[in-house]
Amino acid sequence: MAAPPGLPKWLLDCKAQITDSPEWGALTRELFDAIQQQLTESKVTYFTDLSEAEKTLFMQRAAKAIQHGKSFQNLQVNVSHSLDQHLNNQVAKELLEDFPVITKSDLVLGHARDGSVALLKKWPEMKNKLHLCLNQTLPDRLRQIAWKLFLHNPNLKKQYVEILQSDAKNVMSILDLEIVQKSQHLLENEYTFQELAGSVSILNAMKSTLSYYHARKRTQTSLIDSDYMLVVPFLVTSLATVHPDQLSHRNSIALLIEEYITFMKQRPGYMRESWTEDYKTAMQNFTDTVATLLEKHDEELATHIMNLFSPTEGEMGTHETLVEGLRAIVRPMVRSLFVGFLQLDTVMYVWDQYIIGLDVAEYDIVPVFTVITLMLLRDHILECDIPVGIETVLGDHALKLKKEQYMHEIGRASCRERV
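Cut-offs used in this document
Residues numbered from 1 in each chain as written. Predicted model: local features only at pLDDT ≥ 70, side-chain atom pairs only at ≥ 80, totals over all residues. Heavy atoms only, no water. Axes fitted to C-alpha atoms, helices over the stretch in contact; angles between N-to-C directions. Helix = DSSP H or I, 4+ residues; strand = E, 2+ residues; numbered from the N terminus. Parallel < 35°, antiparallel > 145°, perpendicular 65-115°, else oblique. Left-handed = near helix turned anticlockwise from the far one by under 90°. Contact = heavy atoms within 4.5 Å. Nonpolar A, V, L, I, M, F, W, Y, C, P; charged D, E, K, R; others polar. Patch = residues over 30% accessible without salt bridge, like charges linked within 9 Å, V, L, I, M, F, W, Y side chains within 5 Å. Areas by Shrake-Rupley, 256 points an atom, 1.4 Å probe, with all protein chains shown as cover. Salt bridge = Lys/Arg side-chain N within 4 Å of Asp/Glu carboxyl O. Buried < 20%, exposed > 50% of the residue type's maximum accessible area, 1.4 Å probe, protein only. Core = buried A, V, L, I, M, F, W, Y, C linked by side-chain atoms within 4.5 Å. 1 Å grid on protein atoms, 1.4 Å probe; cavity = no way out; pocket = protein on both sides within 12 Å on 5 of 7 lines; lining within 4 Å. Points joined across faces, edges and corners; volume = space filled by probe spheres on them. Phe/Tyr/Trp six-rings, centres within 6.5 Å; stacked < 30°, edge-to-face > 60°. Lys NZ or Arg CZ within 6 Å of the ring centre and 35° of its normal.

## Let's talk about the packing of helix α6 (residues 140-150) against helix α12 (residues 250-266)
Here comes step 1: Viewed as axis vectors pointing N to C, α6 and α12 meet at an angle of 55°, and their least axial separation amounts to 9 Å. Looking at the two axes, α6 sits oblique to α12. α6 and α12 meet at a crossing whose hand is left-handed. Of the residues in α12, those in contact with Q144, W147, K148 and F150 of α6 are L255, E259 and Q266.
Here comes step 2: Residue composition of the contact of α6 with α12, grouped by class: three nonpolar, two polar and two charged.

Here it is as structure tokens:
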């Protein structure tokens, strides 16, 4: 049988060992029995008599029925052992033959990343397994495939290519010149974008994406600042594996447009313009969640912010006062999803956490990151004696925060929840 394209040999060898093991045989027999029981209960003679949707449902029910059994646990141990064995054998071979300059740990992580990317390309429906990577920074190539899967909308890409081929002028906004000028100004003057400045190709990719986005809006109103900020992480992701000169190629632009517009469509209401239909309710719920979390995890800081926004000097504020105050100070940071407020490396970590949770309706990590940002800057905020001082703190000090600080705080919170 021909090997599936793109799958590393060590991973294929691992698969072969697992499927030949007694543990695999025991699990498949148990799975067969569980399916047979469903067929009997449903008075169906053959599994092949079922529709594709019914087959999938029966398989899912059977898998759920046996996932906590002994056979499943034994196979998990076998899989873990086999992965460890074959991955380490591959690394040991490379260390002996190639004398690489990188460390063994780097080789292990590199092969694990490549294996994960290959599996996701072959079975994109397994993207939910990336939830295991929560509170971790995704390696560049894994980030690319993850974002591509969670922001997948081939119709957008197809539409762009068709319009481009029919008349290239139709993919350009009537404000194209304004967009390129603002993009250039942002790339050259925003402190956190220094690594992107000076490249004509990067500028063209940014302009092309935003110009097409604006053309789709069919409006003469200019794009707002957050529209520009929110395209930057997609540029960074693309640049991880391509030279800047390749970023302005048609396929690269089409992928940028697909992911960016899908992201913009899926944004929660509190990240949108204030005149949109769901903004008011969404922003109220968001800031209420942030206020509640802050009161729970840092009562002193919450009380200080509450009192700063109290309408009567010297009078204690309320929860509602805190909600109103937070709305004013965190909205600019939240609208851009921390772009321009944190270093790009930290932004990419935050976006990883946001994007790989997009398939879970009730999941929203943004309030958590907002609270952690305030808590990490608590010493500066506690020195503020006027509300505008907090905005200054966010603008001047948030960019000094490291992703490791966020990872530590989220890890601590997770530990507390489990205790």
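## Comments concerning a nonpolar patch on the surface
Here comes step 1: Together, L119, W123 and M126 give the surface a local cluster of nonpolar side chains, amounting to about 250 Å² of exposed area.
Here comes step 2: One can find W123 in the loop between α5 (104-122) and α6.
Here comes step 3: Residue W123 is classed as partly exposed on the basis of its relative accessible area of 36%.

## Observations regarding the nonpolar core
Here comes step 1: In this structure, M206, V232, Y260, F263, L337 and W351 are the most contacted members of the largest nonpolar core, which totals 99 residues.
Here comes step 2: If we skip the residues at most four places from it in the chain, Y260 touches T209, L210, Y213, D227, L230, V231 and F234.
Here comes step 3: In terms of nonpolar packing, the next biggest core, distinct from the first, is built from 11 residues, C14, A34, I66 and L75 among them.

## Topic: the pattern of salt bridges
Here comes step 1: Enumeration according to the criterion identifies 15 salt bridges in this entry.
Here comes step 2: Between R113 and D114 there is a salt bridge, and its shortest N-O distance comes to 3.0 Å.
Here comes step 3: Take D114: its relative accessible area is 26%, and that puts it in the partly exposed class.
Here comes step 4: Here E178 makes a salt bridge to K182, at a shortest N to O gap of 3.8 Å.

## A closer look at the layout of surface pockets
Here comes step 1: Each pocket or cavity is described by its volume, and for the largest pocket that value is around 2000 Å³.
Here comes step 2: Forming the walls of the largest pocket are 38 residues, and the residues nearest its centre are V79, L83, L119, M126 and K129.
Here comes step 3: Listing elements by their share of the lining of the largest pocket, those giving two or more residues are α1 (9-19), α4 (70-98) and α5.
Here comes step 4: Estimated volume of the second largest pocket: approximately 390 Å³.
Here comes step 5: Lining the second largest pocket are 15 residues, with Q144, I145, K148, T241 and L255 sitting closest to its centre.
Here comes step 6: Looking at the lining of the second largest pocket residue by residue, the classes come out as four nonpolar, five polar and six charged.

## Thoughts on the packing of aromatic side chains
To describe a pair of aromatic rings, you give the distance between the ring centres and the angle between the ring planes.
Here comes step 1: Under the counting rule described, the total for this entry stands at 13 aromatic pairs.
Here comes step 2: Ring centres of F263 and Y354 lie 5.9 Å apart, and the angle between their planes is 70°; this geometry places the pair in the edge-to-face category. Here Y354 lies in helix α16 (residues 344-355) and F263 lies in helix α12, a separation of 91 residues in the sequence.
Here comes step 3: Relative accessible area serves as the criterion here: at 6%, Y354 is assigned to the buried category.
Here comes step 4: On the numbers, 4.1 Å between centres and 25° between planes, the contact of Y270 with F286 is stacked. Of this pair, Y270 sits in the loop between α12 and α13 (279-297) while F286 is found in helix α13, placing the two residues 16 residues apart along the sequence. Here Y270 and F286 have matching classes, each one buried.
Here comes step 5: Chaining the aromatic ring pairs together yields one cluster made of W147, Y213, F234, Y260, F263, W351 and Y354.
Here comes step 6: Lying over the aromatic face of W123, K122 brings its terminal NZ or CZ to 5.0 Å of the ring centre.
Here comes step 7: One cation-aromatic arrangement involves K127 over F150; the distance from NZ or CZ to the ring centre is 5.0 Å.

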